[in-house]
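Report on the structure
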Amino acid sequence: MRTLAGRLGIGRAAAILLAVAALALLPLLVGRDDVLNFVFLVLLSITLAESWNIVAGYAGQVNLGHAAFFGLGALVARTLWIKGTPILLAMGAGAAVATAFALTIGAAAFRLRGAYFAIGTLALGEILRTTVGNIFPEISTLPTASIVGYRLSHRYYLALVLAALSVSAVAALATSRIGLGMQAVREDEEAAAASGVSALWLKLMALALSTGLAGMAGGLFAYYHISYYPSHPFGPHWTFDALLMTFIGGVGTVRGPILGAILYVFLKEYLAVRWVDFHVLVFGGLFIVTVLLLPGGLVQAVERARRLFAPWGAAPRKTNPPAHAATFSKRYSE
Amino acid sequence: MILSQQLILGVMIGGLYGLAAVGLSVIFGVLKVLNVAHGELIMLGGYGAYWLFALLGLDPFASLLLTLPLSLLMGLGLYCVLFGFVVRADEETRVKNSLLIGFGLALTLHALAVRLWTADERSIDLSYGGTVIGVGPLAIPVVRLASLALAFALIGALHLLLTHWRWGKAIRATAEDWQAALLTGIDVRRAYLLAFAIGTGLAGAAGTLVSIGYSINPSIGLEWTLKALIVVVLAGLGSMFGTFVGGLFLGVAEAVSAAAFGGPYREVVGLVIFVGVLLIRPRGFFGQ
């Protein structure tokens, strides 16, 4: 705890602890299922976005097949759990299968650079979705006994733990030796390799961590949802959601995906009441603006605002530069 | 017999794959920009033809004369508002940023189409839509045959445009080496603008043809983007007719796999070919 407080500053460490404590007490304080459902969705989205952020934000690879790993986690966990395996074990197995699959295809997939990696993984995700849809065409519904015993608070706490785990993993990664290596690969793969960093190894590490968390998130989804088509968690919109939340929040930062997830779920839930799918319109537009004008996302916007409104007083706190900004907005001088 | 009937239908849809891919290929080859919203532009072209038919009773083959220029104009607009900013970056960043922007555009256009026109499946019911030409036991739908011929004609026209028109040559020079093109006095930015507009125009035309023999809904974008990408990766850049043949090949491959493994797997075969080609040539055939 002392190191945590030391690294973050007392105030921030206290704020984080307070937030986690408040979230942990929420089911006891608020009995309303709609509130719990909402926070559950935020937590699931944070996990999904942070997991995507590891490969995209730190290792610099845009993975458009992320849903495949979410889906694999859901498929394995759901199957095992319905057959009587304890949910934690089932989720672990789902994550293991997702990671194993990622490592199997990883070495080949990482031969593709930049946009080719992106479209290659997109195709891979679609192959898996179609195949799973063909093999398991029936809707998967929980047995009656499980529905009777369904407790939302169990799902909620699991989501809270998982979100905390993902955020901590990314926070630990950001300053670790491995994480710094990944960022070196992101900025310039050749230069990183020349200075002794094994690019492929680091990218595989990032992919393994990312898909493991995505697999867990998939397991959580399988535990949460009463009935859905097995191909649903493989749908490309899971990847797209993760991408939007991460980019709008701030790719390559720890806070970005959290901000993005909160905003996204909020807009989604509240706009959906009146206009179905309107949030996609808003977020698609916001996303384009982000890529063109504000490559650091909301995190960068907040930084700028802080600098703008605090011209006097203490010098602005030193923060990491918007990590991916260099990669995504390199310009040539004509 | 069923197989040869399937093959004929495969060739016909393959012509549209080719047309869709040619548009993407022109944009990628010249601007080095990957517009993943290409499928959504096809979808919009389809809706254009659909509404012209439903509201004004315009024959969709005739409405091509309207949807193609309108799509060209939309391409001009999109370039000015979005993609014109992307081409300022160096090539690697350009591909990555265009991918992201195209992606945002795809989501936005899809959501907009759902808002405006609902998610319903639509197709144009022509009075002569059911006409078939019988060749022995095989039935060739006239409408789809006409679409195939039109797709081929459009690609031929594009070929002539790129080889004989002054600006067509400039576009090809820019695709070859934009720096050298700049040095010889070509306005590279304008070549970019024209190439992007032409690519978008072809997407609109492809969408119009899709709405005639097949059906459209707001979600067909991703599918068509993937089809176009598969064909471009297969056929490489540079030859318009090569891309058209690549489209025919994909159509036939789908028909064969549907016959061999059952209908639901027809979507998978193209993707498997795609991933396979990428693994053998990690930069696709774009890399040259």
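Just so you know, these numbers come straight off a predicted model, no measurement behind them.

Looking now at the overall build of chain B. When you go through chain B residue by residue, the secondary structure sums to 11 helices and 2 strands. For 288 residues, the compact-globule estimate of 2.2 N^0.38 gives 19 Å, and chain B sits close to it at 18 Å. Along the first, second and third principal axes, the C-alpha set of chain B runs to 60 × 45 × 35 Å. For chain B, buried positions account for 56% of its 288 residues. Taking the contacts inside chain B whose residues are at least 6 apart along the sequence as the reference set, 76% of them involve residues at least 24 apart. Summed over all atoms, the accessible surface of chain B reaches about 11300 Å², with 68% contributed by carbon and sulfur. The distance from the centre of the 16 positive side-chain charges to the centre of the 14 negative ones in chain B is 7 Å.

Residue and element names in this part refer to chain A. Compared with an ideal rise of 1.5 Å per residue, which puts 20 residues at 28 Å, helix α2 (residues 10–29) spans 27 Å between its outermost C-alpha atoms and is within 8% of the ideal. Maximal helix bending in α2 amounts to about 30°, located at Leu23; proline Pro27 follows within four positions. Considered for burial, the residues of α2 that qualify are Ala13, Leu26 and Pro27.

Moving on: a nonpolar patch on the surface. Residues and elements named next belong to chain A. Among the surface-exposed residues, Leu25, Leu28, Leu29 and Tyr157 lie close enough to one another that they form a single nonpolar patch of about 440 Å² accessible area. In terms of residue count, the dominant contributor to the nonpolar patch is α2 (3 residues). Positionally, Tyr157 belongs in helix α8 (residues 152–175).

Bringing the pattern of salt bridges into the picture now. What the rule picks out here adds up to 7 salt bridges over all chains. One salt bridge in this structure joins Lys268(A) and Asp241(A), with 3.9 Å as the shortest N-O distance. Taken together, the residues span a long stretch of sequence, with Lys268(A) in helix α13 (residues 256–274) and Asp241(A) in helix α12 (residues 236–249) at a distance of 27 residues. A relative accessible area of 10% places Asp241(A) in the buried class. The salt bridge partner of Lys227(B) is Glu254(B), with a shortest N-O separation of 2.7 Å. Remark: Glu254(B) occurs in helix α10 (residues 240–261) and Lys227(B) occurs in helix α9 (residues 220–235); sequence separation between them is 27 residues.

Another point: the confidence of the model for chain A. Here chain A averages 84 in pLDDT, while 90% of its residues score no lower than 70. With pLDDT under 50 throughout, residues 321–334 of chain A is counted as low confidence; its partners more than four residues away or in other chains account for 38 contacts.

The next thing to look at is the interface of chain B and chain A. Residue-level contacts link 45 residues of chain B with 43 residues of chain A. Between chain B and chain A, a total of about 4000 Å² is buried, with carbon and sulfur atoms accounting for 75% of that surface. Looking at the side of chain B facing chain A, the largest losses of area belong to Lys96(B), Leu100(B) and Phe103(B), adding up to 16% of the total buried there. Applying the counting rule to chain B against chain A returns 0 salt bridges. Counting the contacts that link chain B with chain A gives 1 residue pair in polar contact (both at pLDDT 80 or more).

As a further point, take the side chain of His66(A). Residues and elements named next belong to chain A. Mapped onto the fold, His66 is located in helix α4 (residues 66–82). When its relative accessible area of 2% is taken as the criterion, His66 is described as buried. Polar contacts involving the side chain of His66 include one to the side chain of Ser51, which spans 2.9 Å. Sequence-distant contacts of His66, that is, excluding residues within four places in its chain, are made with Leu48, Ser51, Trp52, Ser210, Ala214 and Thr239.

For the rest of this paragraph, the subject is the pairing of strand β1 (residues 132–135) of chain B. Residues and elements named next belong to chain B. Strand direction decides the pairing type here: β1 and strand β2 (residues 138–141), joined by 4 bridges, are antiparallel. When the bridges of β2 are listed, Val135 appears paired with Leu138. The loop that links β1 with its antiparallel partner β2 comprises 2 residues; one of these, Gly136, has a positive phi angle of about 60°.

Residues and elements named next belong to chain A. Among the secondary structure elements, Ala217 is positioned in helix α11 (residues 199–224). With relative accessibility at 0%, the residue Ala217 sits in the buried group. In this structure the C-alpha to C-alpha distance between Ala217 and Val62, which are 155 residues apart in sequence, comes to 19 Å. Beyond its immediate chain neighbours, meaning those up to four positions away, Ala217 contacts Leu44, Thr47, Phe70 and Leu162.

Residue and element names in this part refer to chain B. Within the chain, Lys32 stands out as a residue other than glycine whose phi angle is a positive 55°. Residue position: Lys32 is located in the loop between α1 (2–31) and α2 (38–56). Phi at Thr118 takes a positive value of approximately 60°, unusual for a residue other than glycine. Within the element layout of this structure, Thr118 appears in the loop between α4 (91–117) and β1. The class for Thr118 is partly exposed, based on a relative accessible area of 36%.

This paragraph deals with the packing of aromatic side chains. All names here are of chain A. This structure, assessed with the given rule, holds 23 aromatic pairs over all chains. The ring of Tyr150 is capped by Arg155, whose NZ or CZ atom sits 3.9 Å from the centre of that ring. One cation-aromatic arrangement involves Arg155 over Tyr223; the distance from NZ or CZ to the ring centre is 3.8 Å.

Attention now goes to the nonpolar core. Leu243(A), Phe287(A), Leu31(B), Trp224(B) and Phe274(B) are the most contacted members of the largest nonpolar core, which totals 191 residues. Setting aside anything within four residues of it in sequence, one finds Phe287(A) in contact with Leu243(A), Leu244(A), Phe247(A), Ile248(A), Leu100(B), Phe103(B) and Gly104(B).

This paragraph deals with the packing of helix α9 (residues 177–187) of chain A against α11(A). Residues and elements named next belong to chain A. Between α9 and α11, the least distance of the axes is 9 Å, while the angle of their chain directions is 115°. In this view, α9 runs roughly perpendicular relative to α11, as classed from their interaxial angle. Of the two elements, α9 crosses α11, and the hand of that crossing is left-handed. Only Ala199, Leu202, Lys203, Met205 and Ala206 of α11 make contact with α9, whose side of the interface consists of Ile178, Gly181, Met182 and Val185.

All names here are of chain B. Among all positions in helix α6 (residues 166–176), only Gly168, Ala170, Ile171 and Thr174 are buried. One side of α6 carries all its buried residues, which in axial view fall inside an arc of 160°. Summarising the geometry of α6, the exposed residues directed more than 90 degrees from the buried face are Arg166 and Glu176. Close packing links the buried residues of α6 with α1, α5 (142–164), α7 (178–183) and α8 (188–213).

Reading the values: rules and limits
Residues numbered from 1 in each chain as written. Chains lettered and ligands numbered in written order. Predicted model: local features only at pLDDT ≥ 70, side-chain atom pairs only at ≥ 80, totals over all residues. Heavy atoms only, no water. Helix = DSSP H or I, 4+ residues; strand = E, 2+ residues; numbered from the N terminus. Rg over C-alpha atoms; globule rule 2.2 N^0.38 Å. Buried < 20%, exposed > 50% of the residue type's maximum accessible area, 1.4 Å probe, protein only. Contact = heavy atoms within 4.5 Å. Areas by Shrake-Rupley, 256 points an atom, 1.4 Å probe, with all protein chains shown as cover. Lys, Arg positive; Asp, Glu negative; His and termini not counted. Charge placed at Lys NZ, Arg CZ, Asp CG, Glu CD. Expected span 1.5 Å × (residues − 1). Bend = angle between axes of the 7 residues up to and from the residue. Patch = residues over 30% accessible without salt bridge, like charges linked within 9 Å, V, L, I, M, F, W, Y side chains within 5 Å. Salt bridge = Lys/Arg side-chain N within 4 Å of Asp/Glu carboxyl O. pLDDT = per-residue confidence, 0-100. Buried area = accessible area lost by both parts, 1.4 Å probe. Polar contact = N/O pair within 3.5 Å; in protein donor to acceptor, adjacent residues only side chain to side chain. Pairing = 2+ DSSP bridges. Phe/Tyr/Trp six-rings, centres within 6.5 Å; stacked < 30°, edge-to-face > 60°. Lys NZ or Arg CZ within 6 Å of the ring centre and 35° of its normal. Core = buried A, V, L, I, M, F, W, Y, C linked by side-chain atoms within 4.5 Å. Axes fitted to C-alpha atoms, helices over the stretch in contact; angles between N-to-C directions. Parallel < 35°, antiparallel > 145°, perpendicular 65-115°, else oblique. Left-handed = near helix turned anticlockwise from the far one by under 90°. Arc of directions from axis to C-beta.

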